[in-house]
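# An overview of the molecular structure
Now for the letters of each chain:
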Amino acid sequence: MRPLKPDPRTSNGTDDIKKVYFEISSLCNLSCSMCFRHTWIDEGTGRLDADTVMRVINEEAVLKTADTVFLGGMGEPLTHPAAPSFIAAAHDKGKYTEIITNGTMLRQKTSAALLESGLDRLWVSMDGFNRETYEGIRKGSQFDLITSNLDTFNNEKVRMGREDAEIGITFVASSENISELKHLPEFMDRYNITGLNISSMIPNSDDLEKIVIYDRIVGIYQGNLDDVTPFREYDIPAMDLRNKAVAEAYRAIFPRLAPSRVPKDRDINLQPWCRFVNEGNVFVSWDGDVVPCMGLLHSSYTNLYGTHRKVMRHSFGNVYKENLYDIWRKPDFTDFRKRVRNWEFSPCILCGGCSMREENKEDCTGNQEPTCGACIWAFNVASCP
């Protein structure tokens with residue numbers, strides 16, 4: 001029996017593992033213009049050992065509480081040959097399964113293998129809905145290849161009787177592509193898209209910071225839908241609605257978002273709220289490190305309000321040496337999650353700024369690394385499925 005999509009609102013504030021992200025590969029066949037990989041700091045690349053992934057998926061203590069297994073991180077998961085096997089193992093344990101891909105490797109054989117494994121949702125990264133915009137951002141990819149692969153996946157769904165498997169689109173927005181959202185309704189109808197995740201670009205250089213679509217936090221739009229609109233699920237970040245292009249793009253997709261179904265307490269919220277920690281998410285990196293969120297998965301440079309920041313990854317343990325649940329229950333990891341839920345960090349993202357914001361080592365209230373006060377994920381400016 002196909003598991004239902006878990007509603008994260010039912011687990012807000014949990015300290016149980018609810019969703020496990022496996023970065024099964026940090027390898028990638030593209031060189032996207034806004035990718036963190038361009039400013040990684042002493043980061044290697046590789047794949048998670050297949051036996052180790054299977055062991056974690058089958059951990060009894062994790063199985064008791066986790067409801068979702070997600071394959072994705074900062075690499076292309078389909079570069080790992082065992083990806084469908086991992087989906088099948090999680091599916092056999094009754095877990096909801098998702099994978100995110102750039103779509104380049106989604107040929108007939110791979111699509112069939114993912115569907116046969118029991119995949120519940122495929123996320124495809126699309127940062128433009130015409131050839132020029134898409135290929136200008138997704139360096140090394142081809143727009144026609146991706147649309148052809150989406151057709152292939154949809155055809156395989158019908159052939160295999162897997163119409164229940166859903167497709168979502170992830171879109172990293174900047175001032176250079178935000179107008180593309182005007183074409184999203186037509187694209188979603190054409191390719192049977194039922195999920196949408198928009199994230200503001202996190203700049204990693206002065207040039208990229210010039211094209212962000214947020215200034216200060218303006219508004220948050222989030223929801224989890226059933227059958228009210230073609231978007232069964234969507235996540236829209238805080239955007240600067242004073243920006244004409246942003247406002248026009250939002251108006252184009254607004255009819256599909258059913259705003260009456262948006263949780264009212266999240267409409268406008270200037271208080272930080274980390275969905276990774278509050279929803280019980282945990283990440284296993286390609287080298288086995290266990291980290292709490294996407295923002296701490298890899299060390300890299302980012303920009304925030306004119307400050308060039310050095311954000312270092314932070315691991316609480318490694319699954320090659322310990323069980324995931326044992327790492328999760330370590331006192332330092334437990335204490336970190338508590339501090340995040342209570343948000344005991346300096347308000348760096350709302351502050352005028354000081355030298356402490358240049359790294360995530362220490363903040364002005366005495367917190368030691370990792371500090372989270374300058375994390376734009378916590379303000380829903382950046383988002384991932």
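A brief structural summary. A quick note: this is a predicted structure, and the numbers were derived from the prediction, not measured.

Regarding its fold elements, the protein chain presents twelve helices and twelve strands. Long-range contacts, defined here as pairs at least 24 residues apart, represent 74% of the contacts in the protein chain between residues at least 6 apart. For the protein chain, the accessible area works out to roughly 15400 Å², and carbon and sulfur atoms hold 49% of it.

This part covers the packing of aromatic side chains. Scanning the entire structure with this criterion turns up 14 aromatic pairs. Between Tyr 21 and Phe 283, the aromatic rings sit 4.1 Å apart at their centres with planes inclined by 5 degrees, giving stacked as the arrangement. Separated by 262 residues along the polypeptide, Tyr 21 in strand S1 (residues 19–22) and Phe 283 in strand S9 (residues 281–284) bring together distant segments of the chain. By the ring-pair criterion, three or more aromatic residues cluster together here, those being Tyr 21, Phe 36, Phe 70, Phe 276, Phe 283 and Trp 377. Note that Arg 337 overlies the ring of Trp 328, its terminal NZ or CZ placed 3.7 Å from the centroid. Over the ring of Phe 333 we find Arg 337, and its NZ or CZ is 4.6 Å from the ring centre.

Right, let's talk about helix H6 (residues 143–159) for a bit. Here H6 spans 24 Å end to end across 17 residues, near enough to the 24 Å set by a 1.5 Å rise per residue. Those residues of H6 that are buried are in contact with helix H4 (108–117), strand S4 (121–125), helix H5 (131–137), strand S5 (166–173) and helix H7 (184–190). Count one or two residues on from H6 and you reach Gly 161, which has phi positive near 70 degrees.

A few words on the environment of Met 105. The topology assignment puts Met 105 in the loop between strand S3 (96–101) and H4. Taking the relative accessible area as the measure of exposure, Met 105 reaches 29% and is therefore partly exposed. Along the chain, Met 105 and Ile 146 lie 41 residues apart, while their C-alpha atoms are 8.9 Å from each other. Residues in contact with Met 105, not counting those within four places in the same chain, are Asn 29, Glu 76, Leu 78, Thr 79, Thr 110 and Asn 149.

On to the nonpolar core. Ranked by size, the top nonpolar core spans 109 residues in total, and within it Val 20, Phe 22, Leu 71, Met 126, Leu 181, Phe 187 and Leu 324 carry the most contacts. For this core, the leading source of residues is helix H3 (residues 83–92), giving five residues. Sequence-distant contacts of Met 126, defined by excluding residues within four places in its chain, comprise Tyr 134, Phe 143, Ile 146, Ile 169, Thr 170, Phe 171 and Phe 187.

Looking at the largest pocket, its volume works out to about 710 Å³. Contributions of two or more residues to the lining of the largest pocket are made by S3, S5 and strand S6 (195–200). By residue class, the composition of the lining of the largest pocket is 20 nonpolar, 13 polar and three charged.

Let us now look at the pattern of salt bridges. With the rule as written, the count across this model stands at 19 salt bridges. Its salt-bridge partner being Asp 287, residue Arg 313 comes within 3.2 Å of it at the nearest N-O pair. Here Arg 313, found in the loop between strand S12 (307–311) and helix H11 (324–328), pairs with Asp 287, found in the loop between S9 and strand S10 (290–291); they are 26 residues apart in sequence, far enough to count as distant. What makes Arg 313 buried here is its relative accessible area of 18%. Overall, Asp 287 belongs to the partly exposed group, its relative accessible area being 22%. Among the charged side chains, a salt-bridge network with shared partners connects Asp 15, Arg 329, Arg 337 and Arg 341.

So, about empty space enclosed by the protein. According to the stated counting rule, one finds five cavities of 30 Å³ or more in the structure shown. When its volume is computed, the largest cavity comes out at roughly 300 Å³. Secondary-structure elements contributing two or more residues to the lining of the largest cavity are strand S11 (300–304) and S12. When the residues that make up the lining of the largest cavity are grouped by side-chain class, the tally is 15 nonpolar, seven polar and one charged.

Burial of S4 is extensive: five of the five residues sit out of reach of the surface. Here S3 runs beside S4; their pairing, made up of four bridges, is parallel. Residue pairing in the sheet places Thr 101 in a bridge with Val 124 of S4. Following the chain from S3 across H4 to the adjacent parallel S4, one finds a crossover that is right-handed. As paired strands, S4 and S5 are joined by five bridges and run parallel to one another. In the strand pairing of S5, Ser 125 is matched with Thr 170.

Further remarks concern the side chain of Thr 194. Tracing the backbone shows Thr 194 in the loop between H7 and S6. Since its relative accessible area comes to 14%, Thr 194 is described here as buried. A polar contact of 2.9 Å, which involves the side chain of Thr 194, links it to the side chain of Glu 166.

Definitions and cut-offs
Residues numbered from 1 in each chain as written. Predicted model: local features only at pLDDT ≥ 70, side-chain atom pairs only at ≥ 80, totals over all residues. Heavy atoms only, no water. Helix = DSSP H or I, 4+ residues; strand = E, 2+ residues; numbered from the N terminus. Contact = heavy atoms within 4.5 Å. Areas by Shrake-Rupley, 256 points an atom, 1.4 Å probe, with all protein chains shown as cover. Phe/Tyr/Trp six-rings, centres within 6.5 Å; stacked < 30°, edge-to-face > 60°. Lys NZ or Arg CZ within 6 Å of the ring centre and 35° of its normal. Expected span 1.5 Å × (residues − 1). Buried < 20%, exposed > 50% of the residue type's maximum accessible area, 1.4 Å probe, protein only. Core = buried A, V, L, I, M, F, W, Y, C linked by side-chain atoms within 4.5 Å. 1 Å grid on protein atoms, 1.4 Å probe; cavity = no way out; pocket = protein on both sides within 12 Å on 5 of 7 lines; lining within 4 Å. Points joined across faces, edges and corners; volume = space filled by probe spheres on them. Nonpolar A, V, L, I, M, F, W, Y, C, P; charged D, E, K, R; others polar. Salt bridge = Lys/Arg side-chain N within 4 Å of Asp/Glu carboxyl O. Pairing = 2+ DSSP bridges. Right-handed = clockwise from strand over helix to strand, strands pointing away. Polar contact = N/O pair within 3.5 Å; in protein donor to acceptor, adjacent residues only side chain to side chain.

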